[in-house]
Amino acid sequence: RKEVEQDPGPFNVPEGATVAFNCTYSNSASQSFFWYRQDCRKEPKLLMSVYSSGNEDGRFTAQLNRASQYISLLIRDSKLSDSATYLCVVNYATNAGKSTFGDGTTLTVKP
Amino acid sequence: GAGVSQSPSNKVTEKGKDVELRCDPISGHTALYWYRQRLGQGLEFLIYFQGNSAPDKSGLPSDRFSAERTGESVSTLTIQRTQQEDSAVYLCASSLEWGRVHTDTQYFGPGTRLTVL
């Protein structure tokens, strides 16, 4: 079993749709959680850090459920520009600098 | 402020040659990371520096790969006797530090696209 697992996708949604991605992690000592987006042939860019109370940034909402060991990302009112691969990233302090990346979920928003 | 920068942005080399890739982290970031991403694949962790020290080098794919960091700033990743399977994008990231919540957020550079002919 992978340490971080994401919905494999791809997700193909129309503009304006609401879409949710889930990510599960196996190490209960995990302490930091992030969502990044990666556009084709570009570097990952931080989308959101995920805090235990959940956090929102405009159309994006991230939630953390430590009991069930998953994080989620909700995108409301999808835009064409949201088309990208979304990476779930989990850190735990004893892992000597090694973040654990999910394989990514690809989202395509269509007109 | 300035983000993570990497050079060169593209490098084409012949099999068997050595290459050196450079990363300039965000000023004040003590932690620095190198990753490799092959076309269509996920990120592969290579090595991490805290200050100028790399606690664990086991992520480096072979002994042809080495990395160093000086002055708690710039880092270089060196690949000796390059092979075609080394072709990939090499990404560098930095964070304030490692191991503490809120300070371990990584910011990535644009990467170096390496092509070995």
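Before going into details, it helps to say that this report is about the structure given with it.

Rules and cut-offs
- Residues numbered from 1 in each chain as written.
- Chains lettered and ligands numbered in written order.
- Predicted model: local features only at pLDDT ≥ 70, side-chain atom pairs only at ≥ 80, totals over all residues.
- Heavy atoms only, no water.
- Disulfide = S-S within 2.5 Å.
- Helix = DSSP H or I, 4+ residues; strand = E, 2+ residues; numbered from the N terminus.
- Buried < 20%, exposed > 50% of the residue type's maximum accessible area, 1.4 Å probe, protein only.
- Contact = heavy atoms within 4.5 Å.
- Buried area = accessible area lost by both parts, 1.4 Å probe.
- Salt bridge = Lys/Arg side-chain N within 4 Å of Asp/Glu carboxyl O.
- Polar contact = N/O pair within 3.5 Å; in protein donor to acceptor, adjacent residues only side chain to side chain.
- 1 Å grid on protein atoms, 1.4 Å probe; cavity = no way out; pocket = protein on both sides within 12 Å on 5 of 7 lines; lining within 4 Å.
- Points joined across faces, edges and corners; volume = space filled by probe spheres on them.
- Nonpolar A, V, L, I, M, F, W, Y, C, P; charged D, E, K, R; others polar.

1. Let's talk about the state of the cysteines
With the rule as written, the count across this model stands at 2 disulfides over all chains. Here C23 of chain A pairs with C88 of chain A through a disulfide, and the sulfurs are 1.9 Å apart. On the sign convention where negative means left-handed, the S-S torsion of about -70 degrees between C23 of chain A and C88 of chain A marks this disulfide as left-handed. Here C23 of chain A, found in strand β3 (residues 19-25), pairs with C88 of chain A, found in strand β9 (residues 84-91); they are 65 residues apart in sequence, far enough to count as distant. Sulfur-sulfur distance for the disulfide between C23 of chain B and C92 of chain B comes to 1.8 Å. What sets the handedness of the C23 of chain B and C92 of chain B disulfide is the S-S torsion sign, and at about -65 degrees it is left-handed. Taken together, the positions of C23 of chain B in strand β3 (residues 19-24) and C92 of chain B in strand β8 (residues 88-95) put the pair 69 residues apart, joining distant regions of the chain. Comparing C23 of chain B with C92 of chain B shows no difference in burial state: the two are buried.

2. Quick look at the interface of chain B and chain A
Between chain B and chain A, the residue contacts involve 21 residues of the former and 21 residues of the latter. Across the chain B/chain A interface, buried area totals approximately 1800 Å², and carbon plus sulfur atoms make up 58% of it. Run the count over chain B and chain A and you get 0 salt bridges. Linking chain B with chain A are 5 residue pairs in polar contact (both at pLDDT 80 or more). If you list the elements that add at least two residues to the side of chain B that touches chain A, you get β4 (31-37), β5 (43-50) and β9 (107-108) of chain B.

3. Describing empty space enclosed by the protein
Residues and elements named next belong to chain A. Considering all chains together, one arrives at 1 cavity of 30 Å³ or more under this definition. Lining of the largest cavity is provided by E3, V4, Y25, S26, N27, S30, V90, Y92 and T100. Class assignment for the residues of the lining of the largest cavity results in 4 nonpolar, 4 polar and 1 charged.

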